[in-house]
Structures are given as structure tokens and as C-alpha cells.
Amino acid sequence: VGVTHTGDDWLGYCFLNTSSNRCVVVLSSHFSLSKQPNCERMFLEFIYFLERSILEKRQIIAINAEELLPYNRYGKVSSGLKWLPLSKDETLEHEVFIIRFEADSSSNLHRHNGNEEFYMLEGELIDADGKVFKKGDYVKFEKGSEHSSYSKTGCTLLVILYGGKNELILPN
């Protein structure tokens, strides 16, 4: 199968159809090949191109308890809470982070101006109404809900916030 090219730049990817033993070419301009059309080589270069593209756009964040930061989302450090921000997009009002409650620590009373969801990675968390969340629970709080939470034994959560920021509720 021939591949159209201009100069030294090939304008196609090559896929091998094993049932017909033919190459299928999809036009593109993402990589260069030699002037000899070689389906196997084109296929391998295409796979290499895909791997490079994925690696350049992937980020892996190692999560170690000793690297968690003091929790300061509301302008001051919350005693007994540590966190690791993972991603944040101000324009989408979207945020993801890991939070660790040490034993006998609690969150401040806050209002959800958007949605909050979290996955219990380890331990137990007790909400203000006495509901106990355990490892493996996925919890959703809707916009407008208010609460605080406490952990007697310590716990770790993966938190997802979207559609609005949380607001600290100060005592009167």
C-alpha cells in the first residue's frame, strides 16, 4: 500500500488489517518517516507517537502521609487536619484533594455553595448528625448543605468539590 507524502514528511498513519493482510492509512502530519513505505515501521512509529502523547499529558502524584500539608482552605490552619491538593480549576469551580483527619480532630462548620463528594480511603468519620462514614463509603453533599465532621480514630478521604466553593460558618 502506498502512502501519499510531500517531501520528507509522511502524512499518514498505517494500521495493519490482519484479516486482509493490508494496511489502512489515516492522513495526518504528526511525524516523519523515511521515503520507503513500510507498514510495520509506520505502525510502530504511530504507537510510539501515541505513547509520547500520553506521557506528555499524564501527571502522577505520589501520595505519602508525611508530605501532606497543614489544612488552610479558609485562611487559617485547621488543627489536626492535613491535605494534599491534587487538582483545581477556578473557572470550572472544581477541586480535588486528599484530606487526613488525625485522631480526635474535626472540620469547621461549613456551607456547600456547590457540591461536595468524598470517598473514604481509610478510617471512620462522624458527621455532625452522628452518621458514621467508613472505609469504602462514597458520600455526596448537595449545594446548600451545612455540616462539620469529626474523627475519633483518624481517617483519610479523597474529596471532590464542584459547582461552587465551600464557605466557613463562623459562630455568632
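Up top you'll find the structure we're talking about.
Keep in mind that what you see is a predicted model, and the values were worked out from it rather than measured. (Residues numbered from 1 in each chain as written. Predicted model: local features only at pLDDT ≥ 70, side-chain atom pairs only at ≥ 80, totals over all residues. Heavy atoms only, no water.)

**Notes on the packing of aromatic side chains**
Okay, so step 1: Overall, the coordinates contain five aromatic pairs when judged by the stated rule.
Okay, so step 2: An aromatic cluster is defined as three or more aromatic residues linked by ring pairs; in this entry it consists of Tyr71, Trp83 and Phe97. (Phe/Tyr/Trp six-rings, centres within 6.5 Å; stacked < 30°, edge-to-face > 60°.)

**A look at the pattern of salt bridges**
Okay, so step 1: All chains considered together, the criterion is met by four salt bridges.
Okay, so step 2: Here Arg73 makes a salt bridge to Glu95, at a shortest N to O gap of 2.9 Å. Pair noted here: Arg73 is in the loop between strand 5 (69-70) and strand 6 (81-89) and Glu95 is in strand 7 (residues 94-101), with a separation of 22 residues, a long-range link.
Okay, so step 3: Accessibility expressed as a relative area gives 21% for Arg73, which makes it partly exposed.
Okay, so step 4: Salt-bridge contacts for Glu122 lead to Arg100; the nearest nitrogen and oxygen are separated by 3.3 Å. Placement of Glu122 in strand 10 (residues 115-127) and of Arg100 in strand 7 is noted, with a sequence separation of 22 residues between them. (Salt bridge = Lys/Arg side-chain N within 4 Å of Asp/Glu carboxyl O. Helix = DSSP H or I, 4+ residues; strand = E, 2+ residues; numbered from the N terminus. Buried < 20%, exposed > 50% of the residue type's maximum accessible area, 1.4 Å probe, protein only.)

**What to know about the environment of Thr91**
Okay, so step 1: Inspection of the secondary structure puts Thr91 in the loop between strand 6 and strand 7.
Okay, so step 2: Take Thr91: its relative accessible area is 73%, and that puts it in the exposed class.
Okay, so step 3: When the C-alpha atoms of Thr91 and Gly163 are compared, they prove to be 9.8 Å apart, with 72 residues separating the residues in sequence.
Okay, so step 4: Among the polar contacts listed, one links the side chain of Thr91 to the side chain of Asp89, at a separation of 2.6 Å. (Polar contact = N/O pair within 3.5 Å; in protein donor to acceptor, adjacent residues only side chain to side chain.)

**Considerations on unusual backbone geometry**
Okay, so step 1: Even without being a glycine, Asp104 presents a positive backbone phi close to 60°.
Okay, so step 2: Within the fold, Asp104 resides in the loop between strand 7 and strand 8 (105-106).
Okay, so step 3: Assessed through its relative accessible area of 55%, Asp104 is described here as exposed.

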